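# Chain and residue survey
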Amino acid sequence: HTEMSFDLGAVMDWAIGPAPFANKVDGTMIGTVGHSLGGKLATMAAINDERVGAVLGIDPVDGDPSPLGSDPANRPDLSPGTAAQISVPVGFIGETTNGMGSGFTPACAPSDNNFKNLFDGCTGASWAAEWDFVGADHMDFVWDCPEGGFVDLCGTCPDGTANPEQVRENTKIIALAFFKRHLLGDASQDATLTGANMPSGIQIRTRGM
């Protein structure tokens, strides 16, 4: 995880440097976003790189859920710990349906390493919100999930009660509003993020408003 998080910094270097589209990139407005492990890496990037101006994790999984054993040096817990170093705005979308494992199947988003845990750990963030999508499951947030084959990724996590298409649509709404608010300074997005225009079926916690 540590190595992959530094890869994100290398991508930033490329995007604002030798990339063929570099003239279209504003290096002063960089946000990171990711799902599951990607949400953890998006958070780690903000710890490692001061160019990151806002972080959005989509059902992020912190820590080291590997069944092969813990490796805190390379797969560290961010919360509690280094997540407190983040000073920029953070947002964490998530669910609690897949917080516990069943039989030989581990939890897809363990309750002790999930989005709520990361929200609690980002104590230094200038703005923080946690959106709990009631009834969603971990894979509802994935747009293009390959089905069938030897490993059925789409069926790995138990289904929740929420409509997956609505979960994805609401995720897009929150994500777009979040980056408009915190990279472009559009305060009118507050109504969508925390106010009357927030999509239904979401429970929210905030800090630093």
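Let us look at the structure shown here. As the structure is a prediction and not an experimental result, all values here were calculated from the model. (Residues numbered from 1 in each chain as written. Predicted model: local features only at pLDDT ≥ 70, side-chain atom pairs only at ≥ 80, totals over all residues. Heavy atoms only, no water.)

Tracing the backbone through its elements, the reader meets Asp49 in the loop between helix 2 (37-48) and strand 2 (52-58). Other than its neighbours up to four places away in sequence, Asp49 contacts Gly9 and Met12. (Helix = DSSP H or I, 4+ residues; strand = E, 2+ residues; numbered from the N terminus. Contact = heavy atoms within 4.5 Å.)

Taking 1.5 Å as the rise per residue, helix 2 with 12 residues should run 16 Å; its terminal C-alpha atoms sit 16 Å apart, in good agreement. For helix 2, the complete set of buried residues consists of Gly39, Lys40, Leu41, Ala42, Thr43, Met44, Ala45 and Ala46. If you follow the buried residues of helix 2, they end up packed against helix 1 (2-15), strand 1 (30-35), strand 2 and strand 3 (90-94). (Expected span 1.5 Å × (residues − 1). Buried < 20%, exposed > 50% of the residue type's maximum accessible area, 1.4 Å probe, protein only.)

Time to look at the packing of aromatic side chains. Taken as a whole and judged by the stated rule, the model has six aromatic pairs. Centroid distance Phe178 to Phe179: 5.1 Å. Interplanar angle 80°. Geometry classified as edge-to-face. Here Phe178 matches Phe179 in class, with each residue buried. Through a chain of ring-to-ring contacts, three or more aromatic side chains come together here, namely Trp127, Trp131, Phe178 and Phe179. Residue placement shows Arg207 over the ring face of Phe119; its charged tip is 4.4 Å from the ring centre. (Phe/Tyr/Trp six-rings, centres within 6.5 Å; stacked < 30°, edge-to-face > 60°. Lys NZ or Arg CZ within 6 Å of the ring centre and 35° of its normal.)

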